[in-house]
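The lines below spell out each chain.
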Amino acid sequence: SAQHVAVIGAGLAGLSCATALQAVGHRVTVFDKSRGVAGRMSTRRGEGWACDHGAQYFTARDSAFVAELARWRQAGVAAVWSPRLAVFGEAGQHRQDGALQRFVGTPHMTAPAQWLAGNLAQAVRLGQPIEAILPAAKGWRLQSGGAALDDVFDAVLLALPAPQAAALLQGCAPELAHQAAAVRMRASWAVMLTYEQALDLGFDAGFVNAGPLRWLARNSSKPGRMGAESWLLHARAEWSEANLQTPPEQVAAELQQAFKALGGVVSERWTAHRWLYADIAPNPTGVAEPGSAGPAIWDARLSLGLCGDWLGGGKVEGAWLSGQAAARRVIAGV
Ligand code: FAD
């Protein structure tokens, strides 16, 4: 029978899950604390410029995601990106895979999530941070803005980075909280640069295997981009974690110096963003490997579940697949 399901998080995992649940007739409400959907598939917009500052591109291997990507391309919200790729530092660490196809959202990285949210019609509620999951007589209620919301849900799915899911589950499902808390996610500083003129360095993107940077990209080289010339710098996880409290001015200066050393050009027009949960930390112990629970977690007794990139391998494709897997568990009821 039709259920009312709450999905917390309107990133790709949550929207994937909500879409699959709605397709079989469940009533779904998606909550996100942000003003927009897409989570870490994000684009920063400034005056006359825009720049993807989370996920940079994605790949598609699983046949179900390949089919989803075909729908996105049909809808005009994703396209192939074929950057001229450079590798800096020890080349062995990052091979240039000529056969690998890279995709981006068009005209922004947020576009696929916005398209999915559009198809969900009225089901997405933005600007609603969920602060607690409260047991109700039959089902669950959610707390936001210091008060319990009116709706009672038959099931709740958390489509959040593992540490944020763990915090929300602490009070209502300690065992699930424990599973999520076992996954460590790592930070990444991002610096966006804009220029008055085109900046052609002979490459459009690069893997960096030495120094503070790990990746840089000419955002303007992605398909469908408008506005001022923009470049994106991502710092490596180790550097980002060591500089969590460093002032943005200093982060921007240090990362721009590293960019300059690779042939880049320093810009006075920069914006820095600190991502706390960019990727999954490698787990040297081999215990409680992220994803060991399968691509989603579902507790049928509690009618609580989890999905997110961290359950599906830590990338855009994994986030979408995890959302699908969570929906299958809810639909099957086991
Ligand atoms: P998210 O996108 O994080 O969605 C979670 C949502 O939950 C967010 O919208 C957030 O606002 C919301 N939320 C959080 N707490 C609450 C709350 N309490 N109440 C309500 N809402 C809440 N992937 C690739 O495939 N290729 C890449 O090149 C790549 N590069 C990356 C670079 C960076 C810097 C980062 C940060 C990520 C990168 N990724 C990349 C990873 C990719 O972005 C993620 O795997 C994917 O977008 C995760 O989707 P998700 O739905 O699991 O989580």
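Anything mentioned here points back to the structure above.
Report on the accompanying structure. Not measured: the values here are computed from a predicted model.

## Comments concerning the overall build of the chain
Here is step 1 of the chain: Looking only at helices and strands, the chain features 8 helices and 19 strands.
Here is step 2 of the chain: In summary, the chain has a C-alpha radius of gyration of 20 Å against a globular reference of 20 Å for 334 residues, a match within 12%.
Here is step 3 of the chain: Projected onto the principal axes, the alpha-carbon positions of the chain cover approximately 60 × 40 × 40 Å.
Here is step 4 of the chain: By the burial criterion, 52% of the 334 residues in the chain qualify as buried.
Here is step 5 of the chain: Residue pairs in contact within the chain that sit at least 24 positions apart in sequence constitute 69% of those at least 6 positions apart.
Here is step 6 of the chain: As presented, the chain carries roughly 14,900 Å² of accessible surface, and 51% of it is formed by carbon and sulfur atoms.
Here is step 7 of the chain: Here the chain contributes 29 positive and 26 negative side-chain charges, whose respective centroids are spaced 3 Å apart.

## Section: the sheet that holds strand E1 (residues 4–8)
Here is step 1 of the chain: The 6 strands are arranged E8-E2-E1-E12-E19-E18 in an open sheet whose pairing can be described as mixed. With partners counted over all chains shown, the strands left at the sheet margins are strand E8 (124–125) and strand E18 (297–299), one partner each.

## Quick notes on the site of the ligand
Here is step 1 of the chain: Among the 35 residues in the neighbourhood of the ligand, the closest are listed as Ala13, Asp32, Arg40, Tyr57 and Asp309.
Here is step 2 of the chain: Within the contact set of the ligand, an oxygen atom lies 2.9 Å away from a backbone nitrogen or oxygen of Ala13.
Here is step 3 of the chain: For the ligand, a nitrogen atom lies 2.9 Å from a polar atom in the backbone of Ile130.
Here is step 4 of the chain: Isolated, the ligand exposes 1,000 Å² of accessible area, and the fraction of that covered by the protein chains is 93%.
Here is step 5 of the chain: Within the shell around the ligand, the residues separate by chemical class into 18 nonpolar, 11 polar and 6 charged.

## A few points about the environment of His178
Here is step 1 of the chain: By the secondary structure assignment, His178 is in helix H5 (residues 174–181).
Here is step 2 of the chain: The exposure class assigned to His178 is exposed, which follows from its relative accessible area of 62%.
Here is step 3 of the chain: C-alpha of His178 to C-alpha of Thr19: the two residues are 159 residues apart in sequence and 28 Å apart in space.

## Some remarks on the packing of helix H2 (residues 63–75) against helix H8 (residues 316–332)
Here is step 1 of the chain: Direction vectors running N to C along H2 and H8 enclose 105°, while the axes themselves pass 10 Å from each other. The orientation of H2 with respect to H8, classified from their angle, is roughly perpendicular. Contact with H2, carried on its side by Ala64, Phe65, Glu68, Arg71 and Trp72, involves Val316, Glu317, Trp320 and Leu321 of H8 and no other residues of that element.
Here is step 2 of the chain: Of the residues in the contact of H2 with H8, the class split is 6 nonpolar, no polar and 3 charged.

## Brief notes about the pattern of salt bridges
Here is step 1 of the chain: Evaluated as defined, the whole model comprises 11 salt bridges.
Here is step 2 of the chain: Close ionic contact of Arg40 with Asp309 constitutes a salt bridge, the shortest N to O distance being 2.9 Å. Of the two residues, Arg40 is situated in the loop between strand E2 (27–31) and strand E3 (43–46) and Asp309 in the loop between strand E19 (304–307) and H8; the sequence distance between them amounts to 269 residues.
Here is step 3 of the chain: A relative accessible area of 7% places Asp309 in the buried class.
Here is step 4 of the chain: Residue Asp52 is joined to Arg225 by a salt bridge in which the shortest nitrogen-to-oxygen separation is 2.7 Å. With Asp52 in strand E4 (residues 49–52) and Arg225 in the loop between strand E15 (213–218) and strand E16 (229–235), the pair connects residues that are 173 residues apart, well separated along the chain.
Here is step 5 of the chain: A relative accessible area of 15% means that Arg225 is categorised as buried.
Here is step 6 of the chain: The structure contains a network of salt bridges with shared partners spanning Asp52, Lys222 and Arg225.

About the thresholds
Residues numbered from 1 in each chain as written. Predicted model: local features only at pLDDT ≥ 70, side-chain atom pairs only at ≥ 80, totals over all residues. Heavy atoms only, no water. Helix = DSSP H or I, 4+ residues; strand = E, 2+ residues; numbered from the N terminus. Rg over C-alpha atoms; globule rule 2.2 N^0.38 Å. Buried < 20%, exposed > 50% of the residue type's maximum accessible area, 1.4 Å probe, protein only. Contact = heavy atoms within 4.5 Å. Areas by Shrake-Rupley, 256 points an atom, 1.4 Å probe, with all protein chains shown as cover. Lys, Arg positive; Asp, Glu negative; His and termini not counted. Charge placed at Lys NZ, Arg CZ, Asp CG, Glu CD. Pairing = 2+ DSSP bridges. Near = heavy atom within 4 Å. Polar contact = N/O pair within 3.5 Å; in protein donor to acceptor, adjacent residues only side chain to side chain. Nonpolar A, V, L, I, M, F, W, Y, C, P; charged D, E, K, R; others polar. Axes fitted to C-alpha atoms, helices over the stretch in contact; angles between N-to-C directions. Parallel < 35°, antiparallel > 145°, perpendicular 65-115°, else oblique. Salt bridge = Lys/Arg side-chain N within 4 Å of Asp/Glu carboxyl O.

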